[in-house]
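Below are the chains, spelled out letter by letter.
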Amino acid sequence: MHKLILSGGIAALTLVSAGAFAADTTDATKAAPSDKQNMVQQGNWLGTIAGSVSTTNSVTTTTTALTGGYMVTNNIGVGLKIAYNAVQSNNNFTGFAAARYYFDPQPNKTWVPFIGPFVGYNKPSGGTNSTIYGGNIGLDYFVAPNVSLEPTANYFHTTGSGFSTNTWSFAFGLTFWFAGK
């Protein structure tokens with residue numbers, strides 16, 4: 001009985017796959033499905049988990065962040081990010097709004113560089129509220145059409161009541177892309 005179910009499942013999968021390829025009526029000027037290397041396209045969604053370590057005035061900060069984004073055009077993505085910051089004994093969350101410009105995001109590209117601004121707000125427990133703005137530069141390296149590795153360099157300018165700091169950090173993320181159309 002198990003062999004029959006397994007054989008039937010394989011046969012059904014083969015027929016569905018053959019039907020999907022036979023029904024492909026895409027324009028020959030577009031990249032073939034096997035040539036598609038990335039999903040940086042208008043209407044698609046993305047989710048990233050990233051981590052970074054930075055040091056300012058001999059204080060080390062470790063950050064873990066989750067980002068959700070949407071591709072407004074083929075080159076422009078917008079999103080929201082929440083980051084958990086571990087700073088000595090003063091751990092806190094920061095919320096960000098961000099945008100990115102992707103350079104030449106053709107479907108057949110494996111490497112897609114980007115640059116973008118962000119702004120955030122931080123209200124630590126027992127600390128001073130702060131506003132953060134800055135930018136980042138990086139790239140998405142696609143290991144599959146819907147999965148990319150994402151190294152970035154980030155610049156933060158943080159201001160609060162009586163203080164102002166500038167920080168550079170280097171982050172590494174894993175991004176999952178989802179078709180939105």
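What counts, and where the lines are drawn
- Residues numbered from 1 in each chain as written.
- Predicted model: local features only at pLDDT ≥ 70, side-chain atom pairs only at ≥ 80, totals over all residues.
- Heavy atoms only, no water.
- Helix = DSSP H or I, 4+ residues; strand = E, 2+ residues; numbered from the N terminus.
- Buried < 20%, exposed > 50% of the residue type's maximum accessible area, 1.4 Å probe, protein only.
- Contact = heavy atoms within 4.5 Å.
- Patch = residues over 30% accessible without salt bridge, like charges linked within 9 Å, V, L, I, M, F, W, Y side chains within 5 Å.
- Areas by Shrake-Rupley, 256 points an atom, 1.4 Å probe, with all protein chains shown as cover.
- Salt bridge = Lys/Arg side-chain N within 4 Å of Asp/Glu carboxyl O.
- Core = buried A, V, L, I, M, F, W, Y, C linked by side-chain atoms within 4.5 Å.
- Pairing = 2+ DSSP bridges.
- Axes fitted to C-alpha atoms, helices over the stretch in contact; angles between N-to-C directions.

Novice: I'm lost on the overall build of the protein chain in this one. Help?
Specialist: In terms of helices and strands, the protein chain carries one helix and eight strands. In sequence order, the secondary structure elements of the protein chain are arranged as α-β-β-β-β-β-β-β-β. Within the span of the protein chain, comprising 181 residues, buried residues form 31% of the whole. Put simply, 52% of the contacts in the protein chain that link residues at least 6 apart link residues at least 24 apart.

Novice: Before we go on, may I ask you to explain a nonpolar patch on the surface in this structure?
Specialist: Where nonpolar side chains cluster on the molecular surface, the patch consists of Val72, Ile76, Val78, Tyr101, Phe103, Ile115 and Ile137 and spans about 570 Å² of accessible area. Secondary-structure assignment places Val78 in strand 3 (residues 76–87). Of the residues examined, Val78 reaches a relative accessible area of 39% and is grouped as partly exposed.

Novice: It is not clear to me how the nonpolar core should be interpreted in this structure. Could you clarify?
Specialist: As a rule of thumb, soluble globular proteins bury nonpolar side chains together. Formed by Met39, Val40, Leu46, Met71, Tyr102, Val112, Phe114, Phe142 and Trp177, the largest nonpolar core amounts to nine residues. Not counting chain neighbours up to four residues away, the residues in contact with Val40 comprise Met71, Asn74, Tyr102, Pro105, Val112, Phe142 and Trp177. If you look at the next biggest cluster of nonpolar residues, it comprises six residues, including Ala65, Phe118, Ile132 and Phe156.

Novice: It is not clear to me how the sheet that holds strand 3 should be interpreted in this structure. Could you clarify?
Specialist: Sheet strands associate in pairs through backbone hydrogen bonding, adopting either a parallel or an antiparallel arrangement. The eight strands are arranged 1-2-3-4-5-6-7-8 in a closed barrel whose pairing can be described as antiparallel. On average, adjacent strands in this sheet sit at an angle of 25° to one another, irrespective of strand direction.

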